[in-house]
Amino acid sequence: MRRPLDLRHVISPSLRDLIELANTHDFDRVTEQVRNLHGCTSPINLHGFTVTTDPTTKEVVRSYRSEDEPTGRLLTTCGNRRASRCPACSRVYAADTYHLIKAGLSGGKNVAETVRDHPRAFVTLTAPSFGPVHNRPTTGTGKPRPCACGETHAEDASELGTPLDPATYDYTGAVLWNAHAGQLWARFTTYLRRALAEHLGMTQKALNSAMRLSFAKVAEYQKRGLVHFHAVIRFDGPDGHATPPPPWATFDALSAAVGLAVKRARLTVESDAVGERVIAWGRRFKVDPITALGDGELTDARVAEYTDAKVAGYVAKYATKNAEGAGTVDRTLMCRPCSGRGYVRGPDGFHDRCADCDGTGQAEPIKALPIQQHVRQMIRTAWDLGHLPEFAHLKLWKWAHMLGFRGHFSTKSRAYSTTLGALRDVRRAWRLAQADAARARAGLPTTDETTLVTASSWTYLSSGYRPGEELLAAQVRHDIAHAERSKSEGDPWL
């Protein structure tokens, strides 16, 4: 019988918990579970079982119960795409996005390789100006010029993107533009098809029967707190990527259609409090051809050549970003018990002040956030607009930390390429193949996965590690970082 541990002399709760884990009946399995998460910062804790049987022979092929684990639960990765929340899972998401974008440019992943011969463009759409801001203009040769304030700012200057005159900056317009940016993109894709048909002198019906427009886009925050979009747009034949587009579907036609759609796509927002606002794209936009295959990194808009790998890497990088690039926080400011309203319904049916936020509706006071005044004002504006009746459907108080932006960071048209779900299915099939190979090496019979039946039941328990497991996870992250550094720089002792 194992003697109970006396850990009263151990001050650190994490170390005390690690000692307890080390004294479980299978500490190797504890470390294996943590190691298999590959450094995930907030794993999902599950309780349940799964049983896979052969319906013909009624034989149990494999089974698993979380109760058999030393800690009584199963740990699985959180899958968060945001690098600020989970760098490990965001790397997987970025890799999947890279392959998704690259497959649509050069083929592979069930996409025809002839797609690389289709007209393709890298399009950048920006927000309009809501007031002059501190910036870092350059000459045609890339040499920095003085800002309108008279100074030449450094690349990492904190004032970049902030208004020259905060009192006259249109914060309301900026937040409303962010809030409707997703709708404006949808309107743009509609007008792009119309503009293309007009430019080619044909009806939309004839255009749709002769070719198809496929795209993938990602949103990126500028330093001034407004989003802009990078998109890959491709011409396909009527049956998608497997068929070539007509000869008259050229890059020049696409470039002209983008220019028309940028001018015509707009939304009108009406409000008694802020008046009528027109949501439209900014005057600056870029349409660049993607003409080459190759590796490399796209780091600047002044590159000489856009390759499939450069564009895919650029899109994948921003697919894992959030609004923290604009200097804001990466968490909602809405008080969850009252859903940001500042009150809860009491047992008598009347509204009672929320005790968690003291009636403010904020999980943490906006004025206490460690952010710049420009970002704070955008958050405050989004919060105030969200409580106007005409903007209640936007739920801006929920997205105030995103400076009003409510859309998806990365989206694609249905026929562009493969899907993230398909890429995950491939990984799952690979893991099952590895498990079958292990069964074969152990002399166990292999079975046809297509004929098996799986029954499972899982319950969510919590998120995160035990204190002792967090120490093990920190060691895993250190080992991963060291391996990556050694791969790029070489071992320090060599």
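What comes next is a walk through the structure. (Residues numbered from 1 in each chain as written. Predicted model: local features only at pLDDT ≥ 70, side-chain atom pairs only at ≥ 80, totals over all residues. Heavy atoms only, no water.)

Digging into the overall build of the protein chain
- Along the backbone of the protein chain there are eleven helices and 14 strands.
- Principal-axis analysis of the C-alpha atoms places the extent of the protein chain at approximately 80 × 65 × 60 Å.
- Across the 494 residues in the protein chain, those meeting the buried criterion constitute 43%.
- In the protein chain, of all internal contacts separated by at least 6 residues, the share reaching a separation of at least 24 is 67%. (Helix = DSSP H or I, 4+ residues; strand = E, 2+ residues; numbered from the N terminus. Buried < 20%, exposed > 50% of the residue type's maximum accessible area, 1.4 Å probe, protein only. Contact = heavy atoms within 4.5 Å.)

Notes on the nonpolar core
- Core analysis: the largest hydrophobic core is formed by 70 residues, its most contacted members being W177, F188, Y221, W281, I379 and F405.
- Looking at this core, the elements that each hand over two or more residues are β4 (120–125), α4 (171–179), α5 (181–200), β5 (212–221), β6 (227–236), α7 (251–264), β7 (266–271) and α9 (373–386).
- For this core, the leading source of residues is α5, giving eight residues. (Core = buried A, V, L, I, M, F, W, Y, C linked by side-chain atoms within 4.5 Å.)

Some remarks on the pairing of strand β1 (residues 44–53)
- Examined bridge by bridge, β1 and strand β14 (residues 453–463) share ten bridges and lie antiparallel to one another. Across the sheet, the residue bridging to I44 is S463, located in β14.
- Relative to strand β3 (residues 74–76), β1 runs antiparallel, the two being bridged by three bridges. The residue bridging N45 from the neighbouring strand is L75, located in β3.
- Direction of pairing for β1 relative to strand β2 (residues 60–65): antiparallel, over a ladder of five bridges. Its bridge partner being in β2, V51 is matched across the sheet by S63.
- The hairpin formed by β1 and β2 contains six residues between the paired strands, and K58 there has a positive phi angle of roughly 65°. (Pairing = 2+ DSSP bridges.)

Things to note about unusual backbone geometry
- For K395, which is not a glycine, the phi torsion comes out positive at approximately 50°.
- Following the sequence through the fold, K395 ends up in the loop between α9 and β13 (410–412).
- A relative accessible area of 45% means that K395 is categorised as partly exposed.
- Look at L403: it is not a glycine, yet its phi comes out positive at around 60°.
- Structurally, the position occupied by L403 is in the loop between α9 and β13.
- For L403, a relative accessible area of 0% translates into the label buried.

Comments concerning the packing of helix α3 (residues 87–106) against helix α8 (residues 308–319)
- Remark: α3 packs on α8, axes separated minimally by 8 Å, with the N-to-C direction vectors making an angle of 145°. Seen along the crossing, α3 lies across α8 with a hand that is right-handed. Taking contact as the criterion, the partners of Y93, A94, T97, Y98, I101, K102, L105 and S106 in α3 are, on α8, D308, A309, V311, A312, G313, V315, A316 and A319.
- Along the lines of polarity and charge, the residues of the contact of α3 with α8 split into eleven nonpolar, three polar and two charged. (Axes fitted to C-alpha atoms, helices over the stretch in contact; angles between N-to-C directions. Left-handed = near helix turned anticlockwise from the far one by under 90°. Nonpolar A, V, L, I, M, F, W, Y, C, P; charged D, E, K, R; others polar.)

Overview of a positive patch on the surface
- A surface patch of positive charge is lined by R336, R341, K395 and K398.
- When you line up the elements, R341 lands in the loop between α8 and β11 (343–345). (Patch = residues over 30% accessible without salt bridge, like charges linked within 9 Å, V, L, I, M, F, W, Y side chains within 5 Å. Areas by Shrake-Rupley, 256 points an atom, 1.4 Å probe, with all protein chains shown as cover. Salt bridge = Lys/Arg side-chain N within 4 Å of Asp/Glu carboxyl O. Lys, Arg positive; Asp, Glu negative; His and termini not counted. Charge placed at Lys NZ, Arg CZ, Asp CG, Glu CD.)

A short note on α8
- Counted at 1.5 Å a residue, the expected span for α8 with its twelve residues is 16 Å, and the 16 Å between its end C-alpha atoms agrees.
- Among the twelve residues in α8, ten count as buried, and that is most of the element.
- For α8, the set of buried residues is D308, A309, K310, V311, A312, Y314, V315, A316, Y318 and A319. (Expected span 1.5 Å × (residues − 1).)

Section: the side chain of E469
- You can see E469 is positioned in helix α11 (residues 467–489).
- With residues up to four places along the chain from it excluded, the contact list for E469 reads D17, L21, V34, T71, R73 and L75.

A closer look at the packing of aromatic side chains
- The full count for this structure, using the stated rule, is 14 aromatic pairs.
- Both rings, one in F122 and one in Y314, keep their centres 6.0 Å apart while their planes meet at 85°; by these two values the pair is edge-to-face. Highlighted residues: F122 in strand β4 and Y314 in helix α8, separated in sequence by 192 residues.
- Exposure remark for Y314: the relative accessible area of 12% places this residue in the buried category.
- Aromatic side chains F405 and F409 sit 5.5 Å apart centroid to centroid with 90° between the ring planes, which places their arrangement in the edge-to-face category.
- For F409, a relative accessible area of 5% gives the class buried. (Phe/Tyr/Trp six-rings, centres within 6.5 Å; stacked < 30°, edge-to-face > 60°.)

Comments concerning the packing of α3 against helix α10 (residues 420–441)
- With their axes 10 Å apart at the nearest point, α3 and α10 run at an angle of 115° to one another. Regarding the angle of α3 to α10, the classification is roughly perpendicular. Like other packed secondary-structure pairs, α3 and α10 cross with a definite hand, here right-handed. Side by side, α3 and α10 meet where V92, Y93, D96, T97 and L100 of the first sit next to L420, L423, R424 and R427 of the second.
- Looking at the contact of α3 with α10 residue by residue, the classes come out as five nonpolar, one polar and three charged. (Parallel < 35°, antiparallel > 145°, perpendicular 65-115°, else oblique.)

So, the environment of A181
- With respect to the secondary-structure elements, A181 resides in helix α5.
- For the pair A181 and R406, spaced 225 residues apart in sequence, the C-alpha to C-alpha distance is 8.3 Å.
- Beyond its immediate chain neighbours, meaning those up to four positions away, A181 contacts V227, F229 and F405.

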